[in-house]
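Survey of secondary and tertiary structure
What follows is the residue order along each chain.
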Amino acid sequence: LCRVSAAIQAMLRRVLTVRAPSRLLSSIATPPPSVSKVKAEEKAPAFVPGEYVHELQAVDPSEDPKIPSYRVMDEEGRVVNAKLRHELSLDQLLEMYRMMGQIATIDQIFTQAQRHGRISFHMQNAGEEGLQVGSAAALEPQDHVFAQYRELGVFLWRGFSMQQVAHQCFSNVHDLGKGRQMPMHFGSRALNLHTISSPLTTQLPQAVGTAYALKQRAGEDAVVACYFGDGAASEGDFHAALNFAATLECPVLFFCRNNGWAISTPVHEQFRGDGILSRAKGYGMYGYRVDGNDMLAVYEATKEAREYAVQHNKPVLLEAMSYRRGHHSSSDDSSTYRPNDELEWWQNNNNPIDRMRLHLEARGAWDSDKEAAMRQAMKKQVVACLNEAERAPKPPIGDLFTDVYQEMPPRLKEQKAALEEHLAKYPEAYNLGKYAQE
């Protein structure tokens with residue numbers, strides 16, 4: 001036993017000796033002489049603190065001034081800032097104004113169609129026509145667009161026709177999405193319009209990924225424009241997207257439509273900071289705030305933001321201050337959570353369509369007769385598109401099984417065969433005549 005005990009004691013002395021650990025720790029703490037010392041500023045500039053002080057200083061956001069909103073026109077359409085780098089001709093302004101009228105006409109007629117049960121859903125755009133058209137006109141065809149769902153004017157400006165809008169809302173055989181999406185969830189590969197998805201904010205990290213891919217193509221004059229609302233900025237994907245875009249330095253333009261409401265939640269219940277743009281500094285990001293009801297200001301700011309993103313391969317956050325005058329969607333009744341006099345004030349005092357009309361009238365390019373003629377012609381056109389889309393057949397039933405796999409796997413072939421057998425056996429139970437043939 002004594003010999004065993006002595007052996008154990010000798011082993012413990014070897015294990016518990018401090019000499020080996022001290023050599024190990026020393027080797028970690030002291031770099032070998034051959035390794036050159038690099039200044040902290042050169043190695044990790046993002047982590048270099050600012051000036052050192054001897055008194056604890058708090059950061060008080062209440063002491064910071066509000067970020068101003070850039071504008072070109074006042075509420076009466078008078079130009080208050082003539083220093084523009086990106087001028088628009090009178091013909092361009094007229095085209096943009098007509099597009100705003102087209103959005104309003106689609107809203108009116110499609111909302112009525114939804115109330116009559118002709119389509120299942122509609123997303124309104126009232127109050128945001130100016131920021132949609134102004135920003136879309138500032139982009140280039142090669143730019144990629146990731147929209148949320150309240151960007152009808154962006155799609156129309158880039159060439160998505162009213163007839164295509166109607167086809168998509170009726171989910172018919174001419175719908176580019178083959179009837180697989182909710183109404184107002186458009187997409188077009190030919191126009192670089194990435195398909196809208198309903199889950200909130202998913203488009204932001206997707207947009208950053210696309211912008212990162214663009215960055216790998218040296219010399220490509222293109223950006224990614226990503227639209228979202230103030231409510232989407234409360235989602236976690238917002239932080240992930242902006243942080244990735246900033247650290248990877250991607251040419252993406254984050255366009256926030258701050259319209260005051262996230263469905264029924266007002267902005268003062270969403271956050272305490274100065275809107276959305278105040279977050280740009282935290283991500284080390286360039287940014288602008290603009291009067292979203294001033295189409296000329298939105299155009300100028302978007303042009304500047306795009307130019308910066310292309311030249312520097314860096315993201316830009318642009319916040320357009322506006323107001324959602326319509327319901328959140330056809331499934332919403334905003335009268336239950338906001339007063340009517342609030343809506344009336346924005347309608348009568350800060351309406352982007354009225355502001356642009358007053359501007360054109362002051363320049364002698366528009367009058368009440370032209371306005372009435374435009375409204376009447378657009379109403380007929382929208383109704384005709386609606387009726388044509390309603391008459392078109394639904395996509396072929398076989399489309400249920402396509403476009404997921406390049407080659408249909410055996411299990412889907414079996415399911416398709418079973419459905420065809422069932423329909424052949426009970427044709428009287430289904431209105432098969434409304435579906436297009438494969």
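Residues numbered from 1 in each chain as written. Predicted model: local features only at pLDDT ≥ 70, side-chain atom pairs only at ≥ 80, totals over all residues. Heavy atoms only, no water.

**Observations concerning the overall build of the chain**
To be explicit about the condition: Each helix is a run of H or I in the DSSP string that is no shorter than four residues. Each strand is a run of E no shorter than two, and both are numbered from the N terminus. Residue burial is assigned from relative accessible area. The probe radius is 1.4 Å, only protein chains are included, and a residue is buried under 20% of its type maximum, exposed over 50%, and partly exposed in between. Residues count as neighbours in contact if any of their non-hydrogen atoms are within 4.5 Å of one another.
Scanning the chain from terminus to terminus reveals 14 helices and eight strands. Scored against the burial criterion, the 438 residues of the chain give a buried share of 44%. Put simply, of all contacts in the chain between residues at least 6 apart along the chain, 73% involve residues at least 24 apart.

**Notes on the sheet that holds strand 7 (residues 286-291)**
Selection criterion: Paired strands are those between which DSSP finds at least two bridges. In this analysis an axis means a line fitted to C-alpha atoms, helices contributing only their contacting stretch, and an angle means the value between N-to-C directions, from 0 to 180 degrees.
The strand order 2-1-3-4-8-7 describes an open sheet built from six strands, whose pairing is parallel. The open sheet has two edge strands, strand 2 (193-194) and strand 7, and neither has a second partner. Docked against the sheet, helix 5 (residues 129-138) engages strand 3 (224-229), strand 4 (252-258) and strand 8 (316-321), running at close to 165 degrees with respect to strand 4. Sitting on the sheet, helix 8 (residues 203-216) touches strand 1 (144-146), strand 2, strand 3 and strand 4, and the angle it makes with strand 3 is about 170 degrees.

**Description of the packing of aromatic side chains**
Quick reminder of the rule: Working definition: a ring pair exists when centres of Phe, Tyr or Trp rings (six-membered ring for Trp) sit within 6.5 Å. Plane angles under 30 degrees give stacked, over 60 give edge-to-face, the rest tilted.
Applying the stated rule across the entire model yields 12 aromatic pairs. The interplanar angle of 45 degrees and the centroid separation of 5.0 Å between the aromatic rings of Y227 and F255 together place this pair among those described as tilted. A residue pair is termed long-range when its members are at least 10 positions apart, and Y227 in strand 3 and F255 in strand 4 qualify at 28 residues. Take Y227: its relative accessible area is 2%, and that puts it in the buried class. Seen from their ring centres, F238 and Y283 are 6.5 Å apart, and the 75 degrees between their planes marks the pair as edge-to-face. Of this pair, F238 sits in helix 9 (residues 236-248) while Y283 sits in the loop between strand 6 (265-266) and strand 7, placing them 45 residues apart in sequence.

**Observations regarding the side chain of T302**
Put simply, the rule is: Here a polar contact means two N or O atoms within 3.5 Å. Within protein one must be a hydrogen donor candidate and the other an acceptor candidate, and residues neighboring in sequence count only if both atoms are side-chain atoms.
Residue position: T302 is located in helix 10 (residues 295-312). Judged by its relative accessible area of 1%, T302 falls in the buried class. A distance of 2.7 Å separates a polar atom in the side chain of T302 from the backbone oxygen of V298. With near-sequence residues (within four places) excluded, T302 lies in contact with S135, A138, L139, L253, F255 and L318.

**As for the packing of helix 4 (residues 90-115) against helix 12 (residues 352-362)**
Put simply, the rule is: In this scheme, roughly parallel covers angles under 35 degrees and roughly antiparallel covers those over 145, while 65 to 115 is roughly perpendicular and the rest are oblique. Helix crossings are classified by the rotation of the near helix relative to the far one: an anticlockwise turn of less than a right angle makes the crossing left-handed, while a clockwise turn makes it right-handed. Three residue categories are used. Nonpolar comprises Ala, Val, Leu, Ile, Met, Phe, Trp, Tyr, Cys and Pro, charged comprises Asp, Glu, Lys and Arg, and polar comprises the others, including Gly.
Where helix 4 contacts helix 12, the two axes come as close as 10 Å, and the packing angle between them is 150 degrees. For the element pair helix 4 / helix 12, the angle class is roughly antiparallel. Handedness of the crossing formed by helix 4 with helix 12: left-handed. Packed against helix 4, whose contacting residues are L90, L93, L94, Y97, M100 and A104, the element helix 12 presents P352, I353, M356, R357, H359 and L360 at the interface. When the residues that make up the contact of helix 4 with helix 12 are grouped by side-chain class, the tally is 10 nonpolar, one polar and one charged.

**Quick word on the pairing of strand 7**
To keep it simple, the criterion reads: Look down the strands so they point away from you; if going from the first strand over the helix to the second traces a clockwise path, that crossover is right-handed.
Summarising the sheet, strand 7 and strand 8 pair through six bridges and their orientation is parallel. Bridging across to strand 8, V290 finds its partner in A320. Viewed along the sheet, the connection from strand 7 through helix 10 into strand 8 turns out right-handed.

**A few points about the pattern of salt bridges**
Put simply, the rule reads: For salt bridges, the criterion is a side-chain nitrogen of Lys or Arg within 4 Å of an Asp or Glu carboxyl oxygen.
Following the criterion strictly, the structure yields 24 salt bridges and no others. Across the pair R257 and E151 runs a salt bridge, and its minimum N-O distance is 2.6 Å. One end of the pair, R257, is in strand 4; the other, E151, is in the loop between strand 1 and helix 6 (152-157), and 106 residues separate them in sequence. For R257, a relative accessible area of 1% corresponds to the buried category. When its relative accessible area of 1% is taken as the criterion, E151 is described as buried. One salt-bridge network, held together by shared partners, links K66, D274, R289 and E319.

**Thoughts on the confidence of the model for the chain**
Put simply, the test is: Confidence of the predictor at the level of single residues is captured by pLDDT, which takes values from 0 to 100.
In this model, the chain carries a mean pLDDT of 91, and residues with pLDDT of at least 70 account for 89%. Note on residues 15-38: pLDDT under 50 across the span, and one contact to partners over four residues away in sequence or across chains.

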